[in-house]
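Examining the three-dimensional arrangement
This is what each chain is made of:
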Amino acid sequence: MQVIRTIPELRQALAGQSRTAFVPTMGNLHEGHLALVRQAHERGGPVVASIFVNRLQFAPNEDFDTYPRTFERDCALLQGVGCDIVFAPDESVLYPEPQDVKVHPPAALADVLEGAFRPGFFVGVCTVVLKLFHCVQPAVAVFGKKDYQQLMVVRHMVRQLALPVEVVGSETWRADDGLALSSRNGYLSPAERAEAPALARALRAIESAVAAGAQDWRGLEQQAMDGLSARGWQPDYVAVRRQADLGAPQAGVPLVVLAAARLGRTRLIDNLEVPARG
Ligand code: PAF
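Residues numbered from 1 in each chain as written. Predicted model: local features only at pLDDT ≥ 70, side-chain atom pairs only at ≥ 80, totals over all residues. Heavy atoms only, no water.

1. Section: the sheet that holds strand 9 (residues 266-274)
So the rule is basically this: Here a strand pair is declared whenever DSSP counts at least two bridges between the two strands. Counting from the N terminus, the helices are DSSP H or I runs at least four residues long and the strands are E runs at least two residues long. Helix axes are fitted only over the stretch in contact, all axes being lines through C-alpha atoms; the angle between N-to-C directions runs from 0 to 180 degrees. Note on contacts: a residue pair is in contact if any heavy atoms of the two residues lie within 4.5 Å.
Judged by pairing direction, the sheet is antiparallel, and its three strands sit side by side in the order 7-8-9 without closing on themselves. Strand pairing shows two members of the sheet lacking a second neighbour, strand 7 (234-242) and strand 9, which therefore form its edges. Averaged over all pairs of adjacent strands, the angle between strand axes in this sheet comes to 10°, irrespective of strand direction. Sheet strands touched by helix 11 (residues 217-230): strand 7 and strand 8 (255-263). Its angle to strand 7, the strand with the most contacts, is close to 155°.

Written out as structure tokens, the structure is:
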């Protein structure tokens, strides 16, 4: 496995490749990331994973400075799952000058849910993902469904800008107790870690109710928010939305339940897809 830090070296290493599969990450890898790399590997071309903590997608009050940087461990894990190239540019490589050309995804998709609580987040994500795509020039890029809205925003960008990249969504990896794997789970104290699966349970309760025909989506959302608050969480949102465009739910179409909530100082997100009732 090669570790590459500059764009010219990356381009040279990938020259002539037309089947590169790409997994963008911010490092601090867990089993969920490794599953993305394994999935990328199945495509048969070279696999590139990037490790870059993208300042542009963090608000000033967020955890950019303290975001765990575990580069050596990440490289060992990536090597173990057959990654061919780790692209780990410094900020001076990816942002050699202030990045004032940015990608602004549409408000209807990007200023709701996560975007409403993390203004500018998806501008930062789209800008770095587009830039990484230009560096890696992948045929396929694999993203986790855990960041459901991110996956949708990236798909939208790829479609609207006619980027020659197939975007693949990979299922969320969960611990045995249901907690979705996330780099930020490491912030949880032991007591918070024991409580954390309550978020997935709240989503599952809504999923079961909707799958059984409930259509009082607002009521279900509020019930889940109240339940989490009563357990000491600070929910940002629990929302039932259409899978297609994250618009308001309708009967008879595939839905997704999404949630974000703080447990102590840690903000967790999760989601569950609910197929259309047959
Ligand atoms: O999901 C992430 O880890 C990041 O948002 C991404 C896609 C690597 C862009 O920085």
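Anyway, onward from the coordinates.
2. Points about the sheet that holds strand 2 (residues 21-25)
The parallel open sheet is built from six strands, whose spatial order is 1-4-3-2-5-6. Two strands bound the open sheet, and with one partner strand each, they are strand 1 (2-4) and strand 6 (166-170). Strand after strand, the sheet turns through a mean of 25° between neighbouring axes, direction not considered.

3. Quick notes on the pattern of salt bridges
Keep this limit in mind: One side-chain nitrogen of Lys or Arg within 4 Å of one carboxyl oxygen of Asp or Glu is enough to make a salt bridge. Only protein chains enter the calculation, and the probe is 1.4 Å; a residue is then buried if its accessible area is under 20% of its type maximum, exposed if over 50%, and partly exposed in between.
In total, this model carries 14 salt bridges according to the counting rule given. For the salt bridge of Glu62 with Arg118, the shortest nitrogen-to-oxygen distance reads 2.9 Å. Linking Glu62 in the loop between strand 3 (47-51) and helix 3 (71-80) with Arg118 in the loop between helix 6 (114-117) and helix 7 (121-136), this pair joins segments that are 56 residues apart in sequence. In this structure, Arg174 engages Asp270 in a salt bridge whose closest nitrogen and oxygen atoms are separated by 2.9 Å. In this pair, Arg174 is assigned in the loop between strand 6 and helix 9 (190-195) and Asp270 in strand 9, connecting sequence segments 96 residues apart. Judged by relative accessible area, Arg174 falls into the partly exposed class, the value being 23%.

4. Describing the site of the ligand
Operational definition: Any residue with a non-hydrogen atom lying within 4 Å of a molecule or strand is treated as near it. For this analysis, a polar contact is any N or O atom pair within 3.5 Å, provided that within protein one partner can donate a hydrogen and the other can accept it, and provided that sequence-adjacent residues contribute only side-chain to side-chain pairs. Accessible surface is estimated by sampling points in the Shrake-Rupley manner with a 1.4 Å probe; for residues, cover comes only from the protein chains shown. Gly counts as polar in this scheme, as do all residues outside two lists: the nonpolar Ala, Val, Leu, Ile, Met, Phe, Trp, Tyr, Cys and Pro, and the charged Asp, Glu, Lys and Arg.
Neighbouring residues of the ligand: Pro24, Thr25, Met26, Asn54, Gln57, Val125, Val128, Phe143 and Gln150. In the model, an oxygen atom of the ligand is placed 2.7 Å from a nitrogen or oxygen of the Gln57 side chain. At a separation of 2.7 Å, an oxygen atom of the ligand approaches a polar side-chain atom of Gln150. For the ligand, the protein covers 90% of the area, taking 290 Å² as the surface of the free molecule. Of all the secondary structure elements, the ones that give two or more residues to the shell around the ligand are strand 2 and helix 7. Here the residues of the shell around the ligand are counted per class, giving five nonpolar, four polar and no charged.

5. Regarding the side chain of Ser182
Mapped onto the secondary structure, Ser182 falls in the loop between strand 6 and helix 9. According to the relative accessible area criterion, Ser182 is buried, its value standing at 16%. Those residues in contact with Ser182, other than ones at most four positions away along the chain, are His30 and Lys146.

6. Details of the side chain of Asn54
Among the structural elements, Asn54 can be located in the loop between strand 3 and helix 3. A distance of 2.5 Å separates a polar atom in the side chain of Asn54 from a polar atom in the side chain of Tyr95. Apart from the residues lying within four places of it in its own chain, the contact partners of Asn54 are Met26, Phe64, Tyr95, Gly124, Val125 and Val128.

7. A look at the packing of helix 10 (residues 197-211) against helix 11
What counts here: Every angle not falling under 35 degrees, over 145, or within 65 to 115 is termed oblique; those three ranges are roughly parallel, roughly antiparallel and roughly perpendicular. Each crossing is labelled by how the near helix is turned from the far one, with a counterclockwise turn of less than a right angle marking it left-handed and a clockwise turn marking it right-handed.
The N-to-C vectors of helix 10 and helix 11 enclose an angle of 160°; their axes lie 10 Å apart at closest approach. Classified by the angle their axes make, helix 10 and helix 11 are roughly antiparallel. Helix-helix and strand crossings are classified by hand; for helix 10 and helix 11 the assignment is right-handed. Counting all contacts with helix 10, which are made through Ala198, Leu199, Ala202, Ile206, Ala209 and Val210, the residues of helix 11 involved are Trp217, Leu220, Glu221, Ala224 and Leu228. The class makeup of the residues in the contact of helix 10 with helix 11 is ten nonpolar, no polar and one charged.

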